[in-house]
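Single-letter residue listing:
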Amino acid sequence: MDSPILLLLALLIALIQCFPDDYHSHNSTRHHDYCVLGAGPAGLQMGHFLSKSQRDYIILERNSGPGSFFNIYPRHRKLISINKIYTGRRNREFNLRHDWNSLLSDRPDLLLQRVSRELYPDADSFPRYLSMYVKELGLKVQYGVDIGKIRASESESPRGRGYILTDQRGLDYTCRVLLVSTGLWDPQKVQFEGSDLVEGYESIPVDPEEYKDQAVLILGKGNSAFETAQSILGRASRIHLYSPSPVRLAWQTHYVGDLRAVNNELLDTYQLKSLDGLVEGGLEDIAIVRNGEDEKKRSGRKKKCRSSGKEKRGKLFLTLSELLDSSDGRNSSKVTATNLPVYHNDNFSLRQPYDRVIRCLGFRFNFSIFDGSARPPSSEGARGRLPGVTAWYEGRGTPDLFVLGTAAHSRDYRSSAGGFIHGFRYTVRAVHRVLELRYHSNSWPAIKLSISQLQSWLLRRVNEASGPYQMFGVLGDIILLRGSHCEYLEEFPLQALPQFSSLSGHQLSKHGLLVLVLQYGLNRTDSLGPGRAESEWTRAWRSNFLHPVLYYYDKLPTERDMRHRPVGWPLPRPKAVHHMIEDFLTEWDGPISHSQPLRRFLEHCLHTDLRAFYAESCFRFSLTNQKPPLFCRQGYLRKHGVVRNSQLWQHAHDAGLMPGGQDSASPDTDPSFPDYLTRAGTSVSSAINLDF
């Protein structure tokens, strides 16, 4: 009797398990420690780090694949991020300085170049690369989950308050930490009279033939505006770009979000007077109107246009809202000549009518999915388009909610590369290190070095490291001085330096700290003019292009120090500062121009002789000095000396002077002498001994 009942029960359980997820109660909840919202490049980058550290996470994506933004944008399908495959170097870290599309991973071949070999890849290649990234790393991504509401959990717990995310089916996802990587999707709009007559970048036709012999006015002067202009340059009769600010060129400002040369062909036709042009003016005070005669003709042909399925556009005029009559409610059909600027100024730049007006003003963050308990504030900069975040990318007033990727660009808007893949792949890694300490008690990774090795390690970092190179002025290396040794922490957010101990898990000693930053100079010069670069190392502080700078502090800067730092400086005024002279090849390895001044600066801060010596020199110092130089004490006297050549090495071996167990070693294979010291030139840095 019991057997049929048990069989029936088993069948019922199996049947219930076969039902789809959305069949279950809308109160169903799925919990994870980490919810990553969005499977774009920032979300997947964080997914990699969470997966690598074996955390409980889920990436929620509303579309059917990763990187869906790039299925639509840029509209004309060419990326402006560099994919430089050939650098003449095999160093993977160095090559990432010139690969602006690939994400970080432990696989040296998991790069965009497997999908595209173009310097400026086609936009369609990027979602394919992201799909490959997800598959090969086995990331946990759930597609088709459109989160429409985010709220903070009402019940506080010892682990924090947490967040509740509700999708389109009413299914809830709860998480201890929310990582928002949704990017910028909402088009930036400006409301003015006639803004309904304006087409948006997100919906314009991309076939150049659609613009044949048309006069086009584009609102905006960013890359999307120039990208649009460049695509129709050979078809439109004239193209005018209008915005409040003059065009800013990336090669002048060093900000990759400004106009890139790949999109600037219209500058030629403007400066060479071939009908196209740029005009400055406010957007809030303008109006786009049709004149009365044109509107009347358009209305008379309305039926005909509808029947043909193609309505002919009327001529559009740009005017000022103050010139429109308020008595008629500013009805565009009643616009007369007196409502147009040309009536009052016959030399008005934009007096001719246009066939189309296109809005290309960029994008903004979507705040609408957050309720009041979870909504980060708008940023003070970037015209409020981005969420406001702390220096460690946690939403202001929203604990345990972190913003990643382009949406977190308010921290370095117009000053570094945090809004772009080659920048935020490193800020995402920094956020993960913050998470590891806060929620799992894992301190920021640090490398312990003897003081005699510090110069060589610094030279290695400035010549290879990609993180500080891309996130110049934002991420820097922190060197905690401990007397005879130091701890080296890579890529810490500089603006979070006052909270260094609580974010990194490391304490400062009485010996102070050094901060290594790469930054541009503050001396504004003609980027292509004579005297644009400095070459004399004694004037390194006047360097204009990207160059390393070392700051020495005897104690951590405070919040007040950060607020009152000199204009344009990434950090407050230090006890001592050292600029390494800019280099045309970005190779800071010259013995006179780079290594020697760096050593002198370190000696000044550390009160220690850091010269490197050959073994025979250390032998003489040991006989004639009570306290030989540090390099000899940490090397030679511990039987780790570096002899000048193989003959001397063999002579030392035959005399029984070599360390036990290393009789068969050579200067090139001795494990006691780290490889990076050889590459950085430590063993020969004393060959030039100049007293400056």
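Residues numbered from 1 in each chain as written. Predicted model: local features only at pLDDT ≥ 70, side-chain atom pairs only at ≥ 80, totals over all residues. Heavy atoms only, no water.

Regarding the state of the cysteines
For step 1, the next point in the chain: All told, the structure shown has one disulfide when counted by the stated rule.
For step 2, the next point in the chain: Take cysteine 35: it sits in no disulfide, and the sulfur closest to it among the cysteines is that of cysteine 175, at 3.3 Å. (Disulfide = S-S within 2.5 Å.)

Thoughts on the nonpolar core
For step 1, the next point in the chain: Counting residues in each nonpolar core, the largest one holds 116 residues, and the members touching the most others are Leu44, Ile150, Leu165, Leu178, Leu179 and Val515.
For step 2, the next point in the chain: Tallying contributions element by element places helix H11 (residues 421-440) first for this core, with nine residues.
For step 3, the next point in the chain: Leave out the neighbours within four places in its chain, and leucine 178 touches Cys35, Leu37, Ile150, Tyr163, Leu165, Asp400, Leu401 and Phe402. (Core = buried A, V, L, I, M, F, W, Y, C linked by side-chain atoms within 4.5 Å. Buried < 20%, exposed > 50% of the residue type's maximum accessible area, 1.4 Å probe, protein only. Helix = DSSP H or I, 4+ residues; strand = E, 2+ residues; numbered from the N terminus. Contact = heavy atoms within 4.5 Å.)

A closer look at the sheet that holds strand S14 (residues 356-359)
For step 1, the next point in the chain: Reading across from one edge, S8-S14-S9-S10-S11 is the order of the five strands in this open sheet, with parallel pairing throughout. Because the sheet does not close on itself, it has two edges, and the strands there are strand S8 (199-200) and strand S11 (277-280).
For step 2, the next point in the chain: With four bridges joining them, strand S10 (residues 238-243) and S11 adopt parallel strand pairing. In the strand pairing of S11, tyrosine 242 is matched with valine 279.
For step 3, the next point in the chain: Here helix H5 (residues 223-231) sits on the sheet and contacts strand S9 (215-219), S10, S11 and S14; the angle it forms with S10, its principal contact strand, is near 175 degrees. (Pairing = 2+ DSSP bridges. Axes fitted to C-alpha atoms, helices over the stretch in contact; angles between N-to-C directions.)

Quick word on the environment of glutamate 93
For step 1, the next point in the chain: Mapped onto the fold, glutamate 93 is located in helix H3 (residues 92-95).
For step 2, the next point in the chain: Given a relative accessible area of 27%, glutamate 93 falls into the partly exposed group.
For step 3, the next point in the chain: Through-space distance from the C-alpha of glutamate 93 to that of glutamate 464 is 6.1 Å; in sequence the pair is 371 residues apart.
For step 4, the next point in the chain: Excluding anything up to four places from it in sequence, glutamate 93 contacts Glu464, Ala465, Ser466 and Gly467.
For step 5, the next point in the chain: Of the polar contacts made by the side chain of glutamate 93, one reaches the backbone nitrogen of serine 466; its length is 2.9 Å. (Polar contact = N/O pair within 3.5 Å; in protein donor to acceptor, adjacent residues only side chain to side chain.)

Describing the pattern of salt bridges
For step 1, the next point in the chain: The final tally for this structure, using the stated rule, is 28 salt bridges.
For step 2, the next point in the chain: Here arginine 151 ties to aspartate 172 by a salt bridge, and the two come within 3.9 Å at their closest N and O atoms. In this pair, arginine 151 is assigned in strand S4 (residues 147-152) and aspartate 172 in strand S6 (residues 172-180), connecting sequence segments 21 residues apart.
For step 3, the next point in the chain: Residues aspartate 167 and arginine 169 are paired through a salt bridge, measuring 3.4 Å at the closest nitrogen-oxygen approach. (Salt bridge = Lys/Arg side-chain N within 4 Å of Asp/Glu carboxyl O.)

Describing the sheet that holds strand S22 (residues 576-579)
For step 1, the next point in the chain: Across the sheet, which stays open at both edges, the six strands sit in the order S17-S19-S18-S20-S21-S22 with antiparallel pairing between neighbours. Each of the sheet's edge strands pairs with one partner strand only, and the pair in question is strand S17 (447-450) and S22. On average, each strand axis in the sheet is inclined to that of its neighbour by 25 degrees, with strand direction left out of account.
For step 2, the next point in the chain: Bridge analysis of S17 against strand S19 (residues 485-493) gives four bridges, and the strand direction is antiparallel. Across the sheet, the residue bridging to isoleucine 447 is tyrosine 488, located in S19.

Things to note about the packing of helix H2 (residues 41-52) against helix H4 (residues 125-137)
When two helices pack together, their arrangement is captured by the angle between the axes and the distance separating the axes.
For step 1, the next point in the chain: For the pair H2 and H4, interaxial distance at closest approach is 11 Å and the crossing angle is 15 degrees. Classified by the angle between their axes, H2 and H4 sit roughly parallel to one another. Relative to H4, the crossing made by H2 is left-handed. When H2 is examined against H4, the residues Pro41, Leu44, Gln45, His48 and Ser51 are found in contact with a partner set consisting of Phe126, Leu130, Tyr133, Val134 and Leu137.
For step 2, the next point in the chain: Counted by class, the contact of H2 with H4 contains seven nonpolar, three polar and no charged residues. (Parallel < 35°, antiparallel > 145°, perpendicular 65-115°, else oblique. Left-handed = near helix turned anticlockwise from the far one by under 90°. Nonpolar A, V, L, I, M, F, W, Y, C, P; charged D, E, K, R; others polar.)

A look at the pairing of strand S20 (residues 513-519)
For step 1, the next point in the chain: Counting buried positions over the seven residues of S20 gives seven, a clear majority of the element.
For step 2, the next point in the chain: Across the two faces of S20 the burial is the same, with Leu513, Val515, Val517 and Gln519 and Leu514, Leu516 and Leu518 all buried.
For step 3, the next point in the chain: Here four bridges tie strand S18 (residues 475-481) to S20, and the two strands are oriented antiparallel to one another. Following the sheet pairing, isoleucine 479 is matched in S20 by leucine 514.
For step 4, the next point in the chain: Relative to strand S21 (residues 547-553), S20 is paired through seven bridges, and the arrangement is antiparallel. Bridged to leucine 518 within S21 is proline 548.

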